[in-house]
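Residue-level listing of the chains:
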Amino acid sequence: MIALRTLCPLLVVAGLALIPAFTSANTTLNFLVFALIVALSAQGWNILAGYGGQFSFGHAAFFGLGAYGTALAQARFGINPWVAFAAGIGLAALAGTVIGYLSFRAGLRGSYFTLVTLAFAEVFRILFNAASFTGGAAGVLVKLDVRPENFQFASRSVFYWVVLGIVALVLLLTMRLERSRFGAWLIAIRENEAAAKALGVDVLMVKLQAIALSAAITGAAGGLYVQYFLYLDANIGFGPWISVETLMAAIIGGAGTALGPVLGALALHGLGQLTKGIAGGTPGIDLVLFGALLILAVAFMRDGIIGRLRRLLVWGRR
Amino acid sequence: MTKLINRRTLLAGSTMVATTVAMPGILRAAEPPTVKVGVIQPVTGALAYDGQQGQIGAEAAIKAINDAGGIKSLGGAKIEMVFGDARSTPEGGTAEVERMAAAEVSAIVGGFASPICLAASQAASRYDLPYLVDVGVADSIITRGLKNTFRFGPGFGIVAQTGLDNLVKINDAAGKPAKTVVIVHEDGLFGAGLAKLLQAELPKRGFEILDTIAHPTPSRDMSNVALQIKAKNPDLVIPSSYYGEMVLLMRTLQQQHIKPKGIYCILNGAASNFRFVKEFPDAAQYLMDCNHWHDPRKPVAEALRKTVEASGKFWTYNIPMNYSSMVILADAIERAGSTDRLKIIEALNSSTFAGHIMPYGPTKFVGGQNQGAAPVNTQVQAGDIKVIYPTDFADAKVVYPYPA
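Rules of the game
Residues numbered from 1 in each chain as written. Chains lettered and ligands numbered in written order. Predicted model: local features only at pLDDT ≥ 70, side-chain atom pairs only at ≥ 80, totals over all residues. Helix = DSSP H or I, 4+ residues; strand = E, 2+ residues; numbered from the N terminus. Contact = placed C-beta atoms within 7 Å. Rg over C-alpha atoms; globule rule 2.2 N^0.38 Å. Buried ≥ 20, exposed ≤ 12 C-beta atoms within 10 Å, placed from the backbone. Expected span 1.5 Å × (residues − 1). Bend = angle between axes of the 7 residues up to and from the residue. Nonpolar A, V, L, I, M, F, W, Y, C, P; charged D, E, K, R; others polar. Arc of directions from axis to C-beta. Domains from an automatic or database assignment. Pairing = 2+ DSSP bridges. Axes fitted to C-alpha atoms, helices over the stretch in contact; angles between N-to-C directions. Right-handed = clockwise from strand over helix to strand, strands pointing away. Core = buried A, V, L, I, M, F, W, Y, C linked by C-beta atoms within 7 Å. Parallel < 35°, antiparallel > 145°, perpendicular 65-115°, else oblique.

## Observations concerning the overall build of chain B
Regarding its fold elements, chain B presents 13 helices and 14 strands. Each principal axis of the C-alpha atoms in chain B carries an extent, and together these give about 85 × 55 × 35 Å. Across chain B, the fraction of contacts at a sequence separation of at least 24, relative to all contacts at a separation of at least 6, is 66%.

Now the structure itself:
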């Protein structure tokens, strides 16, 4: 089982990495890039919520800060996009720490924490929509200048590999975390915060580290989004859509598992693509079909794709 | 079931299948090849209504072009539409551009909203794929230096400037009845941007701004805004909101018996929309707007409007703008005599096409922007939307200040 656990993610990443070798269709690559950006965002959420049990409904705040950090650093200050990307991640991590400090110190747990994160994301959306520094409602445009040192690539496959590389890195990080002391503390907090505290776990510190890491990863997803689409406004950066996409990918895939968010994002977007192909002509029918399939998935796969696969494996061995 | 299939039926069946499979090939060989043109509109999501209206315009133009014999320089090749739903998001638009590029379209028309146009035209530029923006007014769409991007309609800067100039002219012509103004705007890209411009420009033109009221989109209640207007009692109200909020505001003003001397809009979501005019004729009466509108003196435009209305749909500016963008593109393909993307871009750059149905005059693209493009002023009069300014295109006289 342990061997399978490490083997599976490796196989998935290797399989994904080979896709550009088989298809040069930009339609497929474009779809995969977007799905992986969502996957990365979900991986971030998964660390705080999947392992730490702190359900955030406002990861849009970190996605948006990562994206705005990346975009504004280059558009306003002329900083190199790679450095800007790092700055965006840093900004998201910082915001995560501050939001975490404020809400965890206040002892907000469960649905209260969920609500407060939702509120933070909304506040950011309104602020960034109004401030003139952020381009206000007109948003920020990143100048189209296709050069590798500019974090813009002529070929879609290069960008795809960059995104995949970051996803793989986070996957490794998560797998290490699962077996680390920090991971054990985090899971202990998820299972029973009071008991963890009684056993000497520094609950506030662990939660703060988790939210900072989580925010940094989701912020990276935001940064990648803006480098890919080169346009950002407050509704894209901080809109509820990304919080929902993030949640759904992680939960459908299997929260609290390393590979879950990646599989979830690919499955969700793959399903969306599939229904689009099936429905064809009438606009909106694919979304109806997608919704129906989603309901079925949630009804019959309560612990996500990974949970279902595990149970199948156990059942097969019986 | 198995009983029914014997050798004979199988033979007959397979012959039939073989014939149907082979036949289209024979038929196709006799027809000239088609020119694939992509149409991107947000037909699901928040902008679905506008997207559907835009689609009507593009389809009507393609039908008209094909009925008139297609692209003659390509042996009467018909235009084949490859339709894509942008789902009201930039990434949705980008995904459709990728699909269309793979489907080998020669050009793309549409986008509607500025964020979609920005992302989609950028994705298209990777393939040197000509992209004709139908409505998107953000000035940044054409200031990025993309060689493939063209906009037939006016940008935000031109519309706002014209709107302000015309307001002064209309007010002056009526003996300057309005001196005080309240600005109402939605807090998004278009409303906030316009409000900022109005705040800077109106005082220079002799108007006093009493208040500027922002509201989010969507808003479910405009009573507060209406009461604030009532308290300030301005001569003129200038609202910049999308459809739902504007309708709500106008109905609330009517219910509260708030009657300023005029309500003047720039690029308003409802003021030049027949849905509003037909559903709430009293609330819409005498509303003025500076917006995109078709040229009412052109018979093709009026005929198209009749056809659309006969099919039970409302007439909105999206229809003539998409129609016009499509016929301009067809003209460019005609002159290029090729489906080559770069040749079409070249042909668009040298376009002097005047056969469109907007009040613009001959087309001339400079840096992608059609120089002739300008908005007109409309006013709701007795359940119809009339052009009141500039007088060259007008089909009615302005009613201002509003009769008591």
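## Some thoughts on the overall build of chain A
Of regular secondary structure, chain A possesses 14 helices and two strands. The C-alpha radius of gyration computed for chain A amounts to 19 Å, which stays within 12% of the reference 20 Å derived for 318 residues, consistent with globular compactness. Principal axes of the C-alpha set define a box for chain A whose edges measure 55 × 45 × 35 Å. In chain A, which comprises 318 residues, the proportion classed as buried is 49%. A separation of at least 24 residues holds for 76% of the contacts in chain A among residues at least 6 apart in sequence.

## A word on helix α2 (residues 26-51) of chain A
All names here are of chain A. Its 26 residues place the ends of α2 35 Å apart at the C-alpha level, agreeing with the 38 Å of an ideal helix rising 1.5 Å per residue. For α2, the principal kink sits at W45 and spans about 40°. Among the 26 residues in α2, 24 count as buried, and that is most of the element. Where α2 ends, the next residue or the one after it, G53, has phi of about 70°, a positive value.

## What to know about unusual backbone geometry
Residue and element names in this part refer to chain B. The omega torsion across Y389 and P390 is -5°, close enough to zero to call that bond cis. The omega torsion of the bond from Y400 to P401 falls at -5°, within 30 degrees of zero and hence cis. For P401, the position within the fold is in the segment after β14 (384-389). Of note, the phi angle at E104 is positive, near 60°, even though the residue is not glycine.

## Observations concerning the interface of chain A and chain B
Listed by partner, the interface residues are 21 residues for chain A and 23 residues for chain B. Of all elements in the fold, only α2 and α5 (110-130) of chain A reach the threshold of two or more residues within the side of chain A that touches chain B. The biggest single contributor to the side of chain A that touches chain B is α2(A), with five residues. The residue inventory of the side of chain A that touches chain B, partitioned by class, reads 14 nonpolar, six polar and one charged.

## Side note on helix α11 (residues 299-310) of chain B
Think of an α-helix as 3.6 residues a turn; residues three or four steps apart then line up on the same face. Residues and elements named next belong to chain B. Counted at 1.5 Å a residue, the expected span for α11 with its twelve residues is 16 Å, and the 16 Å between its end C-alpha atoms agrees. Considered for burial, the residues of α11 that qualify are A301, L304 and V308. Seen from one end, α11 has its buried residues packed into an arc of 65°, which puts them on one side. Away from the buried face of α11 by more than 90 degrees, exposed residues P299, A303, K306 and A310 are located. Where α11 ends, the next residue or the one after it, G312, has phi of about 85°, a positive value.

## Focus on the domain arrangement of chain B
Residue and element names in this part refer to chain B. According to the domain assignment, chain B contains domain 1 (35-154 + 297-373) and domain 2 (157-291 + 377-389). Averaged C-alpha coordinates put domain 1 and domain 2 at centres separated by 29 Å. Here the side of domain 1 that touches domain 2 is composed, by residue class, of six nonpolar, two polar and one charged.

## Some thoughts on the sheet that holds strand β10 (residues 288-291) of chain B
All names here are of chain B. The strand order across the open sheet built from seven strands is β7-β6-β8-β9-β10-β13-β14, with neighbouring strands paired in mixed fashion. Where the open sheet ends on each side, the last strands, each with one partner, are β7 (208-215) and β14. Between one strand axis and the next, the sheet turns through 25° on average, direction left out of account. Strands in contact with helix α7 (residues 223-232) are β6 (180-186), β7 and β8 (236-240); relative to β7, the strand with the most contacts, it is inclined by about 170°.

## Description of the environment of I251(A)
With respect to the helices and strands, the residue I251(A) is situated in helix α11 (residues 240-253). Separated by 209 residues in sequence, I251(A) and A42(A) place their C-alpha atoms 8.9 Å apart.

## Regarding the pairing of strand β2 (residues 79-85) of chain B
Residue and element names in this part refer to chain B. Direction of pairing for strand β1 (residues 35-41) relative to β2: parallel, over a ladder of seven bridges. Bridged to Q41 within β2 is D85. Taken together, β1, helix α2 (residues 48-67) and β2 form a β-α-β motif whose crossover is right-handed.

## As for the nonpolar core
For soluble globular proteins, the rule of thumb is that nonpolar side chains tend to be buried together. A39(A) and L40(A) are the most contacted members of the largest nonpolar core, which totals 220 residues. Take this core: its biggest share by element is 17 residues, from α2(A). Counting contributing residues, this core receives three or more from each of domain 1 (35-154 + 297-373) and domain 2 (157-291 + 377-389) of chain B. Setting aside residues no more than four positions away along its own chain, L40(A) makes contact with I166(A), V167(A), V170(A), I217(A), A220(A), A221(A) and L224(A).

## Observations regarding the packing of α11(A) against helix α14 (residues 304-317) of chain A
Residues and elements named next belong to chain A. Relative orientation of the contacting elements α11 and α14 amounts to 5°, with a least axis distance of 3 Å. Considered as vectors, α11 and α14 are oriented roughly parallel to each other. Across from I251, I252 and G253 in α11, the residues of α14 making contact are G304, I305 and I306. Of the residues in the contact of α11 with α14, the class split is four nonpolar, two polar and no charged.

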